[in-house]
Every structure is written in C-alpha cells, then in structure tokens.
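# What the coordinates show
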Amino acid sequence: MSRLILGLMTLVLVSALIFMVVALLPGDFARAILGPNATPETVAAFRHEVGLDRPALARYLEWISGAVRGDFGLSFSSRSGNTRTVAEMILPRFRNTLFLAGFAALMAVPLAITLGVLSALYRNSWLDRTVNAMTLTSISLPEFFVAYLLMFFFVVKIPLFYSLASVDAGTPLGERLLRTALPALTLVLVTVAHMMRMVRASIIAVLASPYIEMARLKGLSPARIILRHALPNAWAPIVSVIAVNLAYLIVGVVVVEVVFVYPGVGQLMVDAVSKRDVPVVQACALIFAATYILMNLAADILTVVSNPRLLHPKEGGVR
Amino acid sequence: MSRALVSHMVKAWGGARNAPVMAQVGLVVMIFYAALALLAPLIAPYPETALVGGMFEPWSATFPLGTDQLGRDFLSRLIYGARNTIGLALATTLLAFTTGGFLGLVAAERGGWVDQVLSRIVDVLMAMPQLIFALVLLTAFGSSILNLVLIIAALDATRVFRLARAVALNVVSLDFVEAARLQGHGALRIILFEVLPNVIPPLVAELGLRFCFVFLTISALSFLGIGIQPPTADWGSMVRETAALISYGDVTPLLPAGAIVLLAIAVNFVVDWFLLKASGLKE
C-alpha cells in the first residue's frame, strides 16, 4: 500500500517537474517560436493565447487536471482556423507505440527466459560464456546501429522486410506485423541479453538454496531440478526483472521509431523537441514517464505479491 | 587523493599483462582512439568542414571512404569525430563525477536534512527515463553544445550521487573520521582528505561505465538531430546524415555507428576486468 502511494507521489512530482522545467525556466518561448522579427504586440498576444501570462501554479493545475482527463491542450503548431489538439496528435501514435512495444515484448520475454534458464543450467559452458560476452556487447550497442545493421542485411541484401515501417489505422494485422518486424527485432536484440542475464542470476540464486542441494542428492536430473524446483521459486524476481525491462523497452522505442520512420509517440516527441512545440513535448514526456514509473511500480508490487514474506520484515512489522 | 589514484593506476598497469585477452584488446582499442582524437589534424587527409568534392562520392583513392551529403571527406570527418564525440563525452562525465561525487560525499558526511533534501531530489530526477528527461530539458534550453554537456552531466550526476553516497556512508562511520571530527576539522576537510581517498576505487570503475553511458546518450541525441549541431563532425549526426545510403547497399553509415560501438565495447570489457579485480572475485 505504501509503495502504491509512493509511486503515485513520484508520478505527481515528476509531472510537476516536466511542467516546471519547460514553463518556468528561461528561453522566452513566445519569442523563440514567433522568430526575432515578431512585434511586441504579437508576442504579447501569443503569450496570452497560450496562457503564459498567468501564474505558473494555476497553469500547472489546469494542465494536470486536463491531462488526467486526456486533454493536453493545443499544440503550438495550431493556428486559429486550424486547431490541432495535442490529444488527437498523440492518441493514434500511442496505440502504434504500444503495438510495437508489445510485439517486441512477445518475442523478447520467452526468448530471454528460455536462454536464461539454459545458461543457468549449463553454467560456464560455451553457451553461458557466449551469453556473458553478448550481454557486455549489447549494453554498448546504440539502437540505431542495430537498426541499420538489420536494415542492411534484411532489406538490402535479402529483401525480406521493409525499411520504412509506415502503418496507418487501416493496415491489416498481417501487413502490420511484417512492416514492424525490423523495429521490433531491433528492440528485442537490445533488451534480450540484459533480461536473460538477470533471469540467469535469479535462477542461480535459487540454485544455491538447501532444498536444491537436497533434490540434487536425491539424484534428480538437472532439467527436473530447474523446471520443478528452481523455476517456481525464481518466478518472483524474474517477473519483476521483466517489468523493469519492459519499462526500458518503452523508452528505447524513441530512437527505433525515428530510424524506421514509424508513426509512434517517440518520433512525435523528437519532432516536437526540434520545433520546440512545448505542449506536445510535455504530453509525450508525461506519457513516457508515467509508463516507466507504473512499470517499475508493477515490478515492486509483483515482487511483494509473489513473496508475501516481504510484507512482514523480521523487525518492525509492516512498512 | 592524486597519490592514491596514481598508485592505483600503476598497479593497474602492472596487472594489464595478466589481464584477460578481451580486456587487453579493449585497452589497445582505447589507446588507438585516444591517439586518433589527439592527432586528428595530423592524420586526417582533409580539414573537418571543408567542401572538397561532389555530394556522396563513392570510395576512391582521393576519398578513401567517399564524401558526405555536402561533399566533405568522410574519413576526415570520422577522425575529427573521435575528437569531438569523445572529448564532449569525457568533459560531461568528469563534470557529472565532480558534482555528483562531491554532493554524494556531502550528503553522507552531513546526514540529517542535507542528506534528506539531496536524496529526495535525486529520487525524483531518477524516476524519469534519462533520455526523455534530456529531451524535455533540451526543449526548454535549446540545443547547444554547452547545454548538452550541462544537461547530460546533471542527469548523470544523480547516478554518481547514489553510488558515492552509498560507498561514503560506510566510511563516515569509521573511527578515523570520528577522530578527525573531534580534532575540530571542518566538513570540507573531512570530505576531501578523510572520506574521498577511501571511496576512489569503486568510483573509478563507475567512471568507465558512466563514460560509456554518456557517450551513447550524446550519440543517440546527435543521431536524433538534437545533440551536437552541424557543421561539427560527430559520429551520431554522421550516421543520421548518411543514413539514406544504406538503402543502396552502401555500408558507409555503419562506419561511424561502428566506431561508437567499438569504443563502448572496449571500455566495457576493461571496466569489467577492473570490477573483477576490485572485488577480488574469481568465479
């Protein structure tokens, strides 16, 4: 319960931070957006239009209460007669981003668990050593390198997939999967090694406990020890590891979307940053931050739920 | 402090001969990059930003790796890129280390409300994904090299703060720190002369990891077009500028990306070996 409150408090503080950083700190946006030739009257009118002349706290409360209801206000790119709300820009893209992240997760999670279990089972074998080297390598791989490498081999050398992941609301599922295959594969490659490594670590931790020693002394086969005795007790850490890594997946999506020109939130955010379209940046940042915090919160909660002993530490009772 | 560091480095040098092969290769790669960065004007066949040929010329004797989208020599830009990208990443990492490390030690030594305030601020800053936060800050301040360095250093300092504080907490409870306090030494003196020398080894290993992280973040931001701005040669933006070539089966865009990867991997292998040595673990 206290974790839940802490998580929500973090979310509120982070939202305030996102708002404050852009709204209170220097850089006169009116001037930056309208250009150096704008007359003082135009600047004042623009400031009034987007509400820059009102107190920051009032603007924050208005913004956050709108955000909770899914209303993020107007984009700076909208002019009178051609209004573009931030919500209508983000919503279809958010679905796309979730689709891509979900697709990648569906491939990455089973792969990571299988490889993690195998490398725990055959510790110090060639498989395990390969995994170890791969982990060190994969944390050094920028997403764009993996993405272009895949593109080079699977689009140029062997024309199997598309280099542009252009999809819209009407794209049928099969086509959509084919078009997003490369971006999803990139995300899998940059996350799987780390996930696998942590799965391995949590299984090895369980393998050190006395009841595993007992099972081994009974003469059970290594596969049976892992699957029937170790894995059920390692689920808790594994599930939380997965949640943490999925949080990372959501963020890694930014670069990948730009490489493959995939219409997702990440690409929108990068565009908005270079145009300094503040409301869009704030909304995207809030969405990413909220997903990230909620995923980490889920990891915490799942850990406690799957191991109720954590609710009752030996000293001091429930925290 | 400097003497502890030097003796540490001397020991490390002595150990390099017994290091695992991967770590040795990593060291060689790092030295190669350092040489490239330092000697760039001597090695590069053409100046950094001069237009010396046509657009996207193929690989030839005149232009070993061809030219980029404006007709600048790609090899020369790759070499100057080592200087710019690595230099910025180093400056950022050092800045993050001095501020984050110092504040971490202050928090550990002072305790009480100073520690509470600093730690809670860091908690909130760390609750948001770093890249996203960097994007928000770059929107607010605009992309310039100074802003880039300051923003990434500030975000990275939070990670250093956590580590420095955690390590220093074990040290400040020891008797010699208490003795220094009773002698009436000031907080600053205790932090710099009593605590700092004893937290250097874990921080040095962390320095390598943070450098990698900063280096990759700067490259990613430049690749996105909101990091290092043209005409400065830098590997991230070079990938972005030549990316279109890949659809024609040209590997040129993979070269700057590969340069980033190779250095990051080299640093990681060296740090891995450092950590293994520091922990004294031999699995």
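Along each chain, the written sequence defines residue order, and numbers are assigned to residues from 1. A letter from A marks each chain and a number from 1 marks each ligand, given out in the order of writing. It should be noted that, the model being predicted, local features are given only for residues of pLDDT at least 70 and side-chain atom pairs only at 80 or more, the latter also being counted only at that level, while totals for whole chains, interfaces and linings use all residues. As a rule here, side-chain values come from all non-hydrogen atoms in the structure, and water together with hydrogens is ignored.

Turning next to the overall build of chain A. In this text, helices come from DSSP runs of H or I with a minimum length of four residues, and strands from runs of E with a minimum of two, each type numbered from the N-terminal end. Along chain A, the regular secondary structure elements total 13 helices and 0 strands. Listing the helices and strands of chain A from first to last along the sequence gives α-α-α-α-α-α-α-α-α-α-α-α-α. When each of the 319 residues of chain A is scored for burial, the buried share is 47%. It only takes one pair of heavy atoms within 4.5 Å for two residues to be counted as in contact. Expressed as a percentage of contacts within chain A between residues at least 6 apart in sequence, the contacts between residues at least 24 apart total 70%. Surface accessibility of chain A: about 16000 Å² in total, with carbon and sulfur atoms responsible for 67%. Using a 1.4 Å probe on the protein chains alone, a residue whose accessible area is under 20% of its type maximum counts as buried, one over 50% counts as exposed, and one in between counts as partly exposed. Computed by Shrake-Rupley with a 1.4 Å probe, the accessible areas treat only the displayed protein chains as cover when residues are assessed.

All names here are of chain A. Per-residue confidence from the predictor is given as pLDDT, running between 0 and 100. Residues of chain A with pLDDT of at least 70 account for 87%, and the chain-wide mean is 79. Helix α12 (residues 265-275) holds the highest mean pLDDT among the elements of chain A, 87, whereas helix α2 (residues 29-34) holds the lowest, 62. This stretch, residues 315-319, has a pLDDT under 50; its non-local contacts, to residues over four places away or in other chains, come to 3 contacts.

Turning our attention to the environment of Leu98(A). Here Leu98(A) is to be found in helix α5 (residues 86-121). Residues Leu98(A) and Gly264(A), spaced 166 residues apart in sequence, show a C-alpha to C-alpha distance of 8.6 Å.

Turning to a nonpolar patch on the surface, a few remarks are in order. Residue and element names in this part refer to chain A. Where nonpolar side chains cluster on the molecular surface, the patch consists of Leu 4, Ile 5, Leu 6, Met 9, Ile 301 and Val 305 and spans about 540 Å² of accessible area. Of all the secondary-structure elements, those providing two or more residues to the nonpolar patch are α1 (2-24) and α13 (278-306). Take the nonpolar patch: its biggest share by element is 4 residues, from α1. Within the element layout of this structure, Leu 6 appears in helix α1. In this scheme, patches are assembled from residues that exceed 30% relative accessible area and form no salt bridge. Like charges are connected within 9 Å, while nonpolar side chains (Val, Leu, Ile, Met, Phe, Trp, Tyr) are connected within 5 Å. For salt bridges, the criterion is a side-chain nitrogen of Lys or Arg within 4 Å of an Asp or Glu carboxyl oxygen.

What follows is about unusual backbone geometry. All names here are of chain A. Positive phi, close to 45°, is recorded for Val 261, a residue that is not glycine. Counting through the fold element by element, Val 261 comes out in the loop between α11 (222-259) and α12. Residue classification places Val 261 among the partly exposed positions, given a relative accessible area of 41%.

The next point concerns the interface of chain A and chain B. At the interface, 41 residues of chain A touch 41 residues of chain B. For the pair chain A and chain B, the summed buried surface comes to about 3600 Å²; carbon and sulfur atoms form 84% of the total. Interface area lost by chain A to chain B is led by Leu136(A), Phe144(A) and Tyr148(A), which between them contribute 17%. At the surface where chain A touches chain B, the tally comes to 0 salt bridges. Definition of a polar contact: a pair of N or O atoms within 3.5 Å, with one able to donate and the other able to accept a hydrogen when the atoms are protein atoms, and with sequence-neighbouring residues admitted only if both atoms are side-chain atoms. Summed over the shared surface of chain A and chain B, the result is 0 residue pairs in polar contact (both at pLDDT 80 or more). Listing elements by their share of the side of chain A that touches chain B, those giving two or more residues are α1, α6 (126-138), α7 (143-157), α11, α12 and α13 of chain A. What gets called buried area is simply the loss in accessible area from a 1.4 Å probe that two parts show on being joined, summed for both.

In this section: the packing of aromatic side chains. Residues and elements named next belong to chain B. By convention, a stacked pair of Phe, Tyr or Trp rings (six-membered ring in the case of Trp) has centres within 6.5 Å and planes under 30 degrees apart, an edge-to-face pair has planes over 60 apart, and any other such pair is tilted. The final tally for this structure, using the stated rule, is 8 aromatic pairs over all chains. Among the aromatic residues, those joined into a ring-pair cluster are Phe 32, Tyr 33, Phe 211, Phe 215 and Trp 235. Comment: the charge-over-ring label is applied if NZ (Lys) or CZ (Arg) is within 6 Å of the ring centre and within 35 degrees of the ring normal. Above the plane of the ring of Phe 193 lies Arg 189, whose end atom (NZ or CZ) is 5.5 Å from the centre. Over the face of the ring belonging to Phe 213 we find Arg 210, whose NZ or CZ atom lies 5.0 Å from the ring centre.

Bringing the packing of α6(A) against helix α9 (residues 181-207) of chain A into the picture now. All names here are of chain A. Running from amino to carboxyl end, α6 crosses α9 at an angle of 130°, the nearest separation of the two axes being 9 Å. Relative to α9, the element α6 lies oblique. Viewed along their axes, α6 and α9 form a crossing whose handedness is left-handed. Residues Asp 128, Val 131, Asn 132, Met 134, Thr 135 and Ser 138 of α6 lie in contact with α9, whose contacting residues are Leu 189, Ala 193, His 194, Met 196, Arg 197 and Arg 200. For the contact of α6 with α9, the class distribution of residues is 5 nonpolar, 4 polar and 3 charged. Axes here mean lines fitted to C-alpha atoms, for a helix over just the part in contact, with angles spanning 0 to 180 degrees between N-to-C directions. Note that the term roughly parallel is reserved for angles under 35 degrees, roughly antiparallel for angles over 145, roughly perpendicular for angles of 65 to 115, and oblique for everything else. We call a crossing left-handed when the near helix sits turned anticlockwise from the far one by less than a right angle, and right-handed when that turn is clockwise. Amino acids outside the nonpolar list (Ala, Val, Leu, Ile, Met, Phe, Trp, Tyr, Cys, Pro) and the charged list (Asp, Glu, Lys, Arg) are all regarded as polar, and Gly is one of them.

So, about helix α3 (residues 74-110) of chain B. Residue and element names in this part refer to chain B. Multiplying one less than the number of residues by 1.5 Å gives the expected span of a helix. Taking 1.5 Å of rise per residue, the 37 residues of α3 would be expected to cover 54 Å, and the 52 Å separating its terminal C-alpha atoms lies within 8% of that figure. The sharpest bend along α3 reaches about 30° and sits at Tyr 80. A positive phi of about 65° marks Gly 111, the residue just after α3. In this analysis the local bend is the angle between axes fitted, respectively, to the seven residues ending at and the seven residues starting at the residue.

Of the residues in chain B, 92% reach a pLDDT of 70 or more, and the chain-wide mean stands at 83. Here the prediction assigns the complex a pTM of 0.82, and the interface score ipTM is 0.79.

Before going further, it helps to spend a moment on the pattern of salt bridges. All names here are of chain B. For the structure on display, the rule yields 11 salt bridges over all chains. The partner of Arg 181 in a salt bridge is Glu 109, and the shortest N-O contact between them spans 3.1 Å. Residue Arg 181 is located in helix α7 (residues 175-182), and its partner Glu 109 is located in helix α3; the two are separated by 72 residues in the primary sequence. Judged by relative accessible area, which is 30%, Arg 181 ranks as partly exposed. In this structure, Glu 178 engages Arg 181 in a salt bridge whose closest nitrogen and oxygen atoms are separated by 3.4 Å.

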